[in-house]
Amino acid sequence: MKFFEFASAAACLLLAAAIAGDARAAAAAVAIPPACEIGSYRMDDGSVLDIGPGAPGQLRWRRIDGSTGALTASAKRRWTSSYGWTERPDGHTVDIVDCGRGGIRFDQVSGRREALIERETRFESNGAELAGRLTLPPGDARVPLVVLIHGAEHSSALQDYSLQRQFASAGIGVFAYDKRGTGASGGRYTQNYLLLATDAVRAAREARRLAGARTGRVGYQGGSQGGWVAPLAAQIEPVDFVIVSFGLAVSPREEDREAIEGDLARAGFGKDAVVKALRVADATADIVESGFRSGFERLDELKREYAGQAWFAAIRGNYSGFMLGASAQDLRTQAPAMVAGIEIRYDPMPVLNNLAVPQLWLLGGQDRDAPPGQTLRRLAELKQAGRPIEYAVFADADHGMYEFETRADGERVSTRQPADYFARMRDFIIGAPSRPR
């Protein structure tokens, strides 16, 4: 989980203003009608192609094997592709025929838009009105139903989550919703896991209501922060399955510390440097735990003491790296809205120790934001103790389950998702046994 899903102080100020102001007005400002090209397409070769929103002025294609590219308009209804997020041309082209009503051509293969069933809704949860969408495969057969639980991002799931179309194209009903304070939903943004879990429970109830007689087994898929929320929601009101993608079985505080240890190890620094870096982690954690009201003097002392040492520049962590690059004034005024309600010492183990719901955990072996080491050890212990847990590690994947290239400056650029990542989730949902009702 990334605490701060913004790239600059300016973006932070805009988000804070939206959160502090009228939530409905903020929602209205981002409720952008989808482009007519967006949809799921069944290709003549039997494959499925998803076309979704991309960066401003772009679209993005995805396949269930994890391959993806950014699409830029080059002519009327013709789009050219670049590899992953590299901005490097990959030779693919997409032609949209009769936009919004049917035809597509990917390179030399034609296809038709799938007639997925979409039902928009608004539902109430804990004083907030949330916007949701149920997406179903064509027909009237009973299907498994998965509720997508967001991470820490401030963006709209309804606009951005391609899984709502990809799962539906694979025969699975999907319910996506904008979490409180984001997208078209009301309320204030929060990272209070209990509140978010009760929102997820209400979302699952709304999904069942809308799906009606088509409802089969029901469960959650939660990415990143959703890895804390989904099991908690399943404990509050049991479901048939839980999928956690690039989530954790440790606290946010432990996450940051483990991430910093990994940063220094990759940079070639030893135990002495790690001990000092964890003092910095303790100081940043104290500030977060105080609600960004105190602890800045201690952090400033450590920055003066360590800033000249080579290992200090290697600290990235989860939130510590951001905090080291921000002023105390910016953190006091901007950060609280970004992490409202966070429990930095939240321990997920009491829930996981008692959760009888079948779970699938999918983790990235190169995840710098949510390093999987301690989580894997705990999942192995839970499985050994008889908890119904499966897990898999995608060795080359970073956070978000993205494989990557590393630039000369050390920065990672995402290229694709692992080839069987989607298939693992699909097969688990379809194969999970129903809970007795």
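Above this text is the structure in question.
Residues numbered from 1 in each chain as written. Predicted model: local features only at pLDDT ≥ 70, side-chain atom pairs only at ≥ 80, totals over all residues. Heavy atoms only, no water.

Draft legend 1. Region of interest: the pairing of strand 14 (residues 241-245). Of all five residues in strand 14, five are buried; the element is thus mostly enclosed. Chirality of the crossover, the property in question, places the unit of strand 13 (residues 215-223), helix 6 (residues 226-236) and strand 14 among those that are right-handed. The pairing of strand 14 with strand 15 (residues 359-364) spans four bridges and is parallel. Note on strand 15: the bridge partner recorded for Val 242 is Gln 359. (Buried < 20%, exposed > 50% of the residue type's maximum accessible area, 1.4 Å probe, protein only. Helix = DSSP H or I, 4+ residues; strand = E, 2+ residues; numbered from the N terminus. Right-handed = clockwise from strand over helix to strand, strands pointing away. Pairing = 2+ DSSP bridges.)

Draft legend 2. Summary view of the pattern of salt bridges. Counting across every chain of the model gives 22 salt bridges. Here the residues in one salt-bridge network are Arg 253, Arg 257 and Asp 282, joined through shared partners. (Salt bridge = Lys/Arg side-chain N within 4 Å of Asp/Glu carboxyl O.)

Draft legend 3. Layout of the sheet that holds strand 3 (residues 58-63). What the eight strands build is a closed barrel, ordered 1-2-3-4-5-6-7-8; its pairing is antiparallel. Within this sheet the neighbouring strands show an average axis-to-axis angle of 30°, counted without direction. In this sheet, strand 2 (residues 48-53) lies alongside strand 1 (residues 39-43) in antiparallel orientation, the contact comprising four bridges. Opposite Gly 39, over in strand 2, you have Ile 51 as the bridge partner. (Axes fitted to C-alpha atoms, helices over the stretch in contact; angles between N-to-C directions.)

Draft legend 4. Structural view of the nonpolar core. With 77 residues, the main nonpolar core has Phe 175, Tyr 177, Tyr 220, Phe 292 and Ile 315 as its most contacted residues. With 27 residues, the next largest nonpolar core counts Val 146, Ile 172, Phe 241 and Ile 243 among its residues. (Core = buried A, V, L, I, M, F, W, Y, C linked by side-chain atoms within 4.5 Å.)

Draft legend 5. Here's a closer look at helix 9 (residues 296-306). Listed in full, the buried residues belonging to helix 9 are Phe 296, Leu 299, Leu 302 and Tyr 306. Seen from one end, helix 9 has its buried residues packed into an arc of 125°, which puts them on one side. Facing away from the buried side of helix 9, by more than 90 degrees, are the exposed residues Glu 297 and Arg 304. At its buried positions, helix 9 is contacted by helix 8 (271-289), helix 10 (320-324) and helix 11 (328-338). (Arc of directions from axis to C-beta. Contact = heavy atoms within 4.5 Å.)

Draft legend 6. How the structure looks around the state of the cysteines. Counting across every chain of the model gives one disulfide. Each disulfide pairs two cysteine sulfurs, and for Cys 36 the partner residue is Cys 99, the sulfurs being separated by 1.8 Å. Around the S-S axis, the bridge from Cys 36 to Cys 99 shows a dihedral of about 100° and counts as right-handed. Note that Cys 36 is positioned in the loop between helix 2 (23-30) and strand 1 and Cys 99 in the loop between strand 6 (89-97) and strand 7 (103-106), a separation of 63 residues in sequence. When its relative accessible area of 30% is taken as the criterion, Cys 36 is described as partly exposed. (Disulfide = S-S within 2.5 Å.)

Draft legend 7. Structural context of the packing of aromatic side chains. Scanning the model with the defined rule gives twelve aromatic pairs in all. Their ring planes at 90° and their centres at 5.9 Å tell us that Phe 394 and Tyr 421 sit as a pair that is edge-to-face. A residue pair is termed long-range when its members are at least 10 positions apart, and Phe 394 in strand 16 (residues 389-394) and Tyr 421 in helix 14 (residues 421-431) qualify at 27 residues. Since its relative accessible area comes to 8%, Phe 394 is described here as buried. Among the aromatic residues, ring-to-ring pairing joins Phe 123, Phe 175 and Tyr 177 into one connected group. (Phe/Tyr/Trp six-rings, centres within 6.5 Å; stacked < 30°, edge-to-face > 60°.)

Draft legend 8. Focus on the pairing of strand 11 (residues 143-149). Summarising burial for strand 11: seven of the seven residues are buried, a large majority. The pairing of strand 11 with strand 12 (residues 173-177) spans three bridges and is classified as parallel. By the bridge assignment, Val 147 is partnered in strand 12 with Phe 175.

Draft legend 9. Spotlight on empty space enclosed by the protein. The full count for this structure, using the stated rule, is two cavities of 30 Å³ or more. Forming the boundary of the largest cavity are 15 residues, of which Arg 62, Arg 63, Gly 66, Gln 166 and Gln 417 lie nearest the centre. Broken down by element, the residue count for the lining of the largest cavity peaks at three residues, all from helix 14. Residue classes in the lining of the largest cavity are distributed as eight nonpolar, five polar and two charged. When the residues that make up the lining of the second largest cavity are grouped by side-chain class, the tally is seven nonpolar, one polar and no charged. (1 Å grid on protein atoms, 1.4 Å probe; cavity = no way out; pocket = protein on both sides within 12 Å on 5 of 7 lines; lining within 4 Å. Points joined across faces, edges and corners; volume = space filled by probe spheres on them. Nonpolar A, V, L, I, M, F, W, Y, C, P; charged D, E, K, R; others polar.)

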